[in-house]
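# Inside the fold
Okay, here's what each chain looks like letter by letter:
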Amino acid sequence: MSNDKVHQGHRARKRFGQNFLHDDYTIDAIVSAIHPQKEDIMVEIGPGLGALTEPVASQVDKLQVVELDRDLAARLREHPTLKDKLVVHEADAMRFDFSALAQPGRRLRVFGNLPYNISTPLMFHLLETAPQISDMHFMLQKEVVERLAAGPGSKAYGRLSVMAHYYCKVIPVLQVGPEAFKPAPKVDSAVVRLVPHETLPFPAKNLNHLSRVCTEGFGQRRKTIRNCFRNFITPEQLTELGIDPNLRPENLSLAQFVEIANWLTDHQEG
Ligand SMILES: C[S@@+](CC[C@H](N)C(=O)[O-])C[C@H]1O[C@@H](n2cnc3c(N)ncnc32)[C@H](O)[C@@H]1O
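Calculation criteria
Residues numbered from 1 in each chain as written. Predicted model: local features only at pLDDT ≥ 70, side-chain atom pairs only at ≥ 80, totals over all residues. Heavy atoms only, no water. Axes fitted to C-alpha atoms, helices over the stretch in contact; angles between N-to-C directions. Helix = DSSP H or I, 4+ residues; strand = E, 2+ residues; numbered from the N terminus. Parallel < 35°, antiparallel > 145°, perpendicular 65-115°, else oblique. Contact = heavy atoms within 4.5 Å. Nonpolar A, V, L, I, M, F, W, Y, C, P; charged D, E, K, R; others polar. UniProt positions renumbered as here; feature names shortened; annotations may be inferred. Buried < 20%, exposed > 50% of the residue type's maximum accessible area, 1.4 Å probe, protein only. Arc of directions from axis to C-beta. Polar contact = N/O pair within 3.5 Å; in protein donor to acceptor, adjacent residues only side chain to side chain. Left-handed = near helix turned anticlockwise from the far one by under 90°. Pairing = 2+ DSSP bridges.

### Topic: the packing of helix α6 (residues 159–167) against helix α10 (residues 254–267)
Contact geometry for α6 and α10: axes closest at 10 Å, N-to-C directions at 90°. The orientation of α6 with respect to α10, classified from their angle, is roughly perpendicular. Of the residues in α10, those touching α6 at V162, H165 and Y166 are L254, F257 and V258. When its residues are assigned to classes, the contact of α6 with α10 shows five nonpolar, one polar and no charged.

### Digging into the UniProt feature "domain: Ribosomal RNA adenine methylase transferase N-terminal" (unreviewed entry) in the protein chain
Sites flagged by UniProt as "domain: Ribosomal RNA adenine methylase transferase N-terminal" (unreviewed entry) map to residues 26–198. Structurally, residues 26–198 is divided into 28% helix and 28% strand, and its ends, taken at the C-alpha atoms, are 30 Å apart.

### Description of helix α5 (residues 142–149)
Buried within α5 we find V144, V145 and L148. Seen end-on, α5 carries its buried residues on one side only, within an arc spanning 100°. Its buried side turned inward, α5 meets α4 (119–127), β8 (133–141), α6, β9 (168–176) and β11 (189–196).

### Looking at helix α3 (residues 70–78)
Of all the residues in α3, the buried ones are L72, A73 and L76. Buried residues along α3 cover an arc of 100° about the axis, so they all sit on one side. In α3, the exposed positions angled more than 90 degrees off the buried face are occupied by R70 and E78. Residues of α3 that are buried make contact with β2 (10–11), β3 (20–21), β5 (63–67) and β6 (86–90). The backbone nitrogen of D71 has a side-chain oxygen 2.9 Å away, supplied by the residue at the start of α3, namely D69.

### With respect to the packing of α6 against helix α7 (residues 207–218)
One way to put it is that α6 packs onto α7 with a least axis distance of 9 Å and a crossing angle of 150°. In terms of orientation, α6 and α7 fall into the roughly antiparallel class. Seen along the crossing, α6 lies across α7 with a hand that is right-handed. Along the contact surface, α6 presents R159, V162, M163, Y166 and Y167, while α7 presents L207, L210, S211, C214, T215 and F218. Residue composition of the contact of α6 with α7, by class: eight nonpolar, two polar and one charged.

### Digging into the sheet that holds strand β7 (residues 108–113)
In space, the seven strands of this open sheet follow the order β6-β5-β4-β7-β8-β11-β9, with mixed pairing throughout. Two strands in the sheet have a free side with no partner beyond their single neighbour: β6 and β9. The average undirected angle you get between the axes of adjacent strands in this sheet is 20°. Both strand β4 (residues 41–45) and β5 contribute to a ladder of four bridges, which runs parallel. Bridging across to β5, M42 finds its partner in L63. Contacts from α4 reach β4, β8, β9 and β11 within the one sheet, and its direction differs from that of β8 by about 175°.

Structure, rendered in structure tokens:
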């Protein structure tokens, strides 16, 4: 059992969410879904021991990788076949400025088998860079992929779903069982493709207001929106926007969340 924690001579660190992919079928399926092209600006988050790094690097000229674990970053810098292709950023992806890697007219393609302990805040961080990204492929906890992909009326629908759909088209690609990893995680996993919209379908005038409307709504998902949003909009004003005040937040579409947020921006005092 404890052997399972040592993979390719490296002891997996739980605090870095290290579950290394070792199943060739899964690795091939992810790399084909990514479909790397020679001239793409590819960025991998958490390359680890290189399960995805090696096959992707073999198809491109250069690969940027962001790895927090100092030992793993050092291994990658010295890797016999990878070192000439990799640009290793030994950094915390949560604080990393991904947009700095984009070039004029060339957006990033980001991928990774992400550390599950930070996957939700990391998604929000990456969504902020969406305009500089052409697509993202991530292995996540299956439940997080369900939340990303969820639409109105579903139990999994929440702030993460609204913000993901605000910026991206969300496409679940593949489900992966725990046995594909070493050590095996306690949860099921899934791969998702996120494709940022060329033009935002429902632009918000103020993103903080959209975030606030989502937080206040999903914080009280069993209430009707006339109650959730009573601090800033009346039932009559909701009706004027064409939105039924008796709906619950989990029934509001992205367009309606944005409509309420934009109303808040327009009617904010000061
Ligand atoms: C789930 S493992 C995936 C490793 C490898 N890509 C694979 O598929 O086998 C997550 C990786 O992310 C790294 N990591 C954890 N937290 C990180 C962070 N905040 N920023 C960058 N990398 C991080 C871990 O050290 C580890 O290499």
